[in-house]
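Chain by chain, the residues:
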Amino acid sequence: MASRTPLARLFTVLLAGLVAGLILAVAALPGNLLVGFAARAALGGYSALPDALRTPATPQRSYLYANDGKTLITTFYDVNRTDVPLDEIAPVMRQAIVAAEDRRFYSHGGVDLRGMARALVANVRGGETAQGGSTLTMQYVRNVLKNDPGRTAEQRAAATEQTVERKLQEIRYANALEDSLSKDEILNRYLNIAYFGSGSYGIAAASQRYFAKAPADLTLAEAALLAGLVQSPEAYSPIDGDADAALDRRAYVLDAMVATGAATADQAATAKAEKLTLRPTAQPNGCTAPAGGHDDWGFFCDYLRQWWLTQPAFGATVEEREQALRRGGYTVVTSLDPQVQATAQQQATSVYGYDNKRALPIAAVEPGTGRVLALAVNRHYSLDANPDGQVNHPNTVNPLISGGGSVAGYQAGSTFKLFTMLAALEAGKPLSTGFDAPSRLPTRYAADGEGSCDGRWCPANANPEWMDGYRMMWDGFGRSVNTYFVWLAEQVGPEKVVEMAQRLGITFRADADATFAENNAENWGAFTLGVASTTPLDLANAYATVAAEGTYCKPLPVVSVTAADGSTVSVEPSCKRVLDADVARAATDAARCPVGQQSPFGQCNGGTATSVTRILDGRPVAGKTGSSEGNATETFVGFTPQVAVAGIAANPDDTTDAVGGPVQAKVIDAVARVIATAVAGQPEKAFAAPSPALVGDPQRPTERPEPDDRRPQRDDRREDRTEDPLEEFRRWLDRRG
């Protein structure tokens with residue numbers, strides 16, 4: 001950096017100001033301004049650098065990557081720009097910009113009096129383009145001030161006004177910078193902020209935009225072309241402007257490089273002879289423009305953006321956080337697993353196509369961290385118009401998987417029986433708690449109309465021959481026996497079941513559900529049958545809490561966040577214990593029954609999703625199916641110690657459109673295959689067995705107990721289907737060799 005006395009600096013400022021005033025007067029300004037300019041220069045003196053020039057807060061785009069830290073999901077920006085250090089910029093690029101814009105850069109002190117005088121002569125003689133005599137340092141000052149996000153729009157606009165006052169300020173600041181920074185530091189900052197046309201700010205963005213390469217890999221011809229753009233970016237841009245003009249400007253820069261000794265005449269001639277070969281690439285911007293055309297990533301991207309807007313670390317207000325995402329230059333490694341996401345998307349679309357009015361949203365969560373591995377659905381995340389009468393398909397930006405806004409979710413049927421079982425276990429009732437489950441169970445809850453029994457709600461079992469009889473939690477859960485779980489909920493209190501669901505992260509987004517939960521939970525007997533709306537993400541995370549032996553973690557879409565200056569932002573999982581580990585282990589023990597596995601206590605004797613064990617090749621797994629009334633929705637959620645996955649088949653636009661019972665097998669298969677992808681290559685982990693206290697005495701009575709005196713009545717409710725009895729018998733034979 002230069003070392004000059006204050007008097008020398010002041011002399012330079014005054015002399016440069018005088019010449020600059022002449023340049024402006026000749027080039028653009030009317031009248032005689034020199035006297036007033038000289039007076040202002042003398043009185044203004046030397047001013048300190050503003051903060052924006054000491055530590056520039058220039059806008060940079062933010063990058064979102066998958067959990068491998070390499071797969072680009074998308075970028076967010078208002079200005080397409082990112083900083084790179086000088087040693088990551090090809091030397092020919094540095095030399096080209098100096099030759100094109102400021103040949104005396106390394107010899108002047110921020111203001112080039114000779115260059116300003118040359119510009120004055122050129123402007124007096126006249127020509128097509130007026131010259132300003134600005135050095136790279138002066139241009140840098142101008143670029144910083146016009147892009148400073150800390151300034152108002154009016155202040156940013158003033159940074160480019162053709163006024164004597166503005167030019168004098170620019171000269172002062174340039175001089176101060178030269179005393180504060182080395183030449184290489186100034187050059188690096190300049191290359192990172194200069195506009196190269198076609199929406200590209202900074203050499204990194206320009207290299208990608210025009211040649212699809214990093215600035216370190218630029219050739220002589222490419223560097224000369226880019227250096228030539230900064231004088232008139234839009235006019236010279238070979239993408240958006242005049243390609244011939246760009247080549248002429250490239251030739252000018254190459255000649256200038258010969259003059260400065262940066263290139264030989266032969267090197268310049270060879271570069272001039274090169275054909276213009278562009279590889280234009282547009283940077284993705286936002287969730288509707290993900291990298292590689294992966295519009296299925298948009299739903300995860302939107303979930304991350306919504307999470308970001310709630311985080312105080314990125315600003316005091318939603319507006320500030322939005323601006324931070326678009327202008328802050330963050331590098332965000334998300335929790336999205338590309339392989340799990342790809343499988344989930346393939347499975348969702350194999351059940352229902354993109355044009356189908358029905359949907360299969362699928363969510364995958366990591367137990368113990370809450371990190372969201374996948375959010376998939378058979379929809380394009382797009383703002384494109386849909387055909388008449390099609391509200392949410394094939395295009396939508398509504399959060400069909402995670403919920404929010406107008407999406408309250410979908411009924412998940414018997415998957416909610418888990419919350420009843422947990423509440424009962426927590427209340428001290430062991431897994432062996434028995435009840436002779438009737439076909440229909442008149443309850444204490446008042447009800448009118450079809451399905452009631454003498455004014456009381458009267459739920460029924462879907463398959464009495466397979467479900468009725470003496471049941472404990474193992475086979476009650478495995479066979480999804482409605483009357484057993486409604487009875488069990490009565491024993492512990494429905495309000496305890498509702499509270500348990502909320503504790504595990506079930507959010508009541510539907511107003512009716514929220515009101516019932518707040519004001520009448522003690523009478524919500526049907527809650528155990530999954531009549532409240534939920535989302536695949538909430539459901540997967542609730543089951544992930546059980547997989548993590550009672551540790552609940554808020555869903556988290558990120559692994560790490562790094563600011564533009566290299567500092568890290570804390571984004572650790574937010575977890576807390578909400579269940580005793582033994583309670584969670586006991587529930588897991590029973591949850592192995594639905595998927596066709598056996599509890600260590602040998603009490604599983606039927607399941608509604610036994611194909612899962614075959615798909616996972618016998619790996620320890622647990623889960624639960626769910627069918628809402630009339631088979632309006634079909635659900636399956638499964639988990640291992642490493643992952644929890646939930647899928648709900650539904651019509652997001654019409655709750656009266658029943659997806660039908662037969663699709664449940666496809667939902668089970670889809671979720672199981674997502675689990676298989678998630679655990680591929682990971683060690684097989686066993687579930688821990690519960691303590692004897694929560695097992696109890698699993699001995700079944702030798703004689704059937706007297707049935708409950710509550711009378712069974714007709715009900716149209718249908719919950720989980722069983723498999724073919726013949727197939728069940730074959731499996732019984734297989735187990736016995």
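This is a predicted model, so every value here is computed, not measured.

Asks: Let's hear about the overall build of the protein chain: which residues, and what values?
Replies: A tally of helices and strands in the protein chain yields 29 helices and 22 strands. Out of the 737 residues in the protein chain, the part that is buried amounts to 56%. Approximately 29,600 Å² of the protein chain is accessible, and the part contributed by carbon and sulfur atoms is 49%.

Asks: I'd love a proper account of the sheet that holds strand S18 (residues 568-569), names of residues and values included.
Replies: The 5 strands lie next to each other as S2-S1-S5-S17-S18, forming an open sheet whose pairing is mixed. With one partner strand each, in any of the chains shown, strand S2 (72-76) and S18 form the two edges of the open sheet. With respect to the sheet, helix H15 (residues 298-308) is in contact with strand S1 (62-65), S2, strand S5 (331-334) and strand S17 (558-562), its orientation differing from that of S5 by roughly 120°.

Asks: Break down helix H21 (residues 482-492) for me, citing the residues and quoting the values.
Replies: With respect to burial, H21 is a largely interior element, 10 of its 11 residues being buried. Those residues of H21 that sit buried are Asn482, Thr483, Tyr484, Phe485, Val486, Trp487, Leu488, Ala489, Glu490 and Val492. The inward-facing, buried residues of H21 contact helix H18 (417-426), strand S11 (435-437), strand S13 (456-457), strand S14 (469-471), helix H20 (473-478) and helix H22 (494-503).

Asks: Just give me the short version of the state of the cysteines, but keep the residues and values in it.
Replies: As used in these notes, a disulfide is a covalent bond between sulfur atoms, one from each of two cysteines. For the structure on display, the rule yields 4 disulfides. Between the sulfur atoms of Cys287 and its disulfide partner Cys301 the distance amounts to 2.1 Å. Looking along the S-S bond of the Cys287-Cys301 disulfide, the torsion reads about -75°, which is the left-handed sense. Of this pair, Cys287 sits in the loop between helix H14 (265-273) and H15 while Cys301 sits in helix H15, placing them 14 residues apart in sequence. A single burial state applies to Cys287 and to Cys301, both of which are buried. Between the sulfur atoms of Cys553 and its disulfide mate Cys575 the distance is 2.1 Å. Handedness of the Cys553-Cys575 disulfide follows from its S-S torsion of about 105°: it is right-handed. Of this pair, Cys553 sits in strand S16 (residues 551-553) while Cys575 sits in strand S19 (residues 575-577), and the two are 22 residues apart along the sequence. Here Cys553 falls in the buried class, since its relative accessible area comes to 3%. Of note for the protein chain: the bonded cysteines, numbered N- to C-terminal, pair according to 1-2, 3-4, 5-6, 7-8.

Asks: Describe the sheet that holds strand S22 (residues 644-649), and please don't skip the residues or the numbers.
Replies: Taking strand neighbours across the sheet as the criterion, the 5 strands line up as S7-S6-S22-S21-S20 in an open arrangement whose pairing is antiparallel. Two strands in the sheet have a free side with no partner beyond their single neighbour: strand S7 (372-376) and strand S20 (622-627). Taking each pair of neighbouring strands and ignoring which way they run, the sheet shows an average axis angle of 5°. Pairing analysis gives 4 bridges linking strand S6 (residues 362-365) to S7, with the strands arranged antiparallel. By the bridge assignment for S7, Ala363 is matched with Leu375.

Asks: I'd love a proper account of the packing of H18 against H22, names of residues and values included.
Replies: In contact at an axis separation of 8 Å, H18 and H22 are set at 110° when each is read in the N-to-C sense. Accordingly, the angle class assigned to the pair H18 and H22 is roughly perpendicular. Across from Phe419, Thr420, Leu422, Ala423 and Glu426 in H18, the residues of H22 making contact are Lys496, Val497, Met500, Ala501 and Arg503. Of the residues contributing to the contact of H18 with H22, the split by class is 6 nonpolar, 1 polar and 3 charged.

Asks: Give me the lowdown on the pattern of salt bridges, citing residues and values where you can.
Replies: For the coordinates displayed, the defined rule picks out 18 salt bridges. Glu322 serves as the salt-bridge partner of Arg305, at 2.6 Å between the closest nitrogen and oxygen. One end of the pair, Arg305, is in helix H15; the other, Glu322, is in helix H16 (residues 318-327), and 17 residues separate them in sequence. For Arg305, a relative accessible area of 21% translates into the label partly exposed. With a relative accessible area of 19%, Glu322 lands in the buried category. Put simply, Arg142, Arg166, Lys167 and Glu170 are held in one network by salt bridges that share partners.

Parameters at a glance
Residues numbered from 1 in each chain as written. Predicted model: local features only at pLDDT ≥ 70, side-chain atom pairs only at ≥ 80, totals over all residues. Heavy atoms only, no water. Helix = DSSP H or I, 4+ residues; strand = E, 2+ residues; numbered from the N terminus. Buried < 20%, exposed > 50% of the residue type's maximum accessible area, 1.4 Å probe, protein only. Areas by Shrake-Rupley, 256 points an atom, 1.4 Å probe, with all protein chains shown as cover. Pairing = 2+ DSSP bridges. Contact = heavy atoms within 4.5 Å. Axes fitted to C-alpha atoms, helices over the stretch in contact; angles between N-to-C directions. Disulfide = S-S within 2.5 Å. Parallel < 35°, antiparallel > 145°, perpendicular 65-115°, else oblique. Nonpolar A, V, L, I, M, F, W, Y, C, P; charged D, E, K, R; others polar. Salt bridge = Lys/Arg side-chain N within 4 Å of Asp/Glu carboxyl O.

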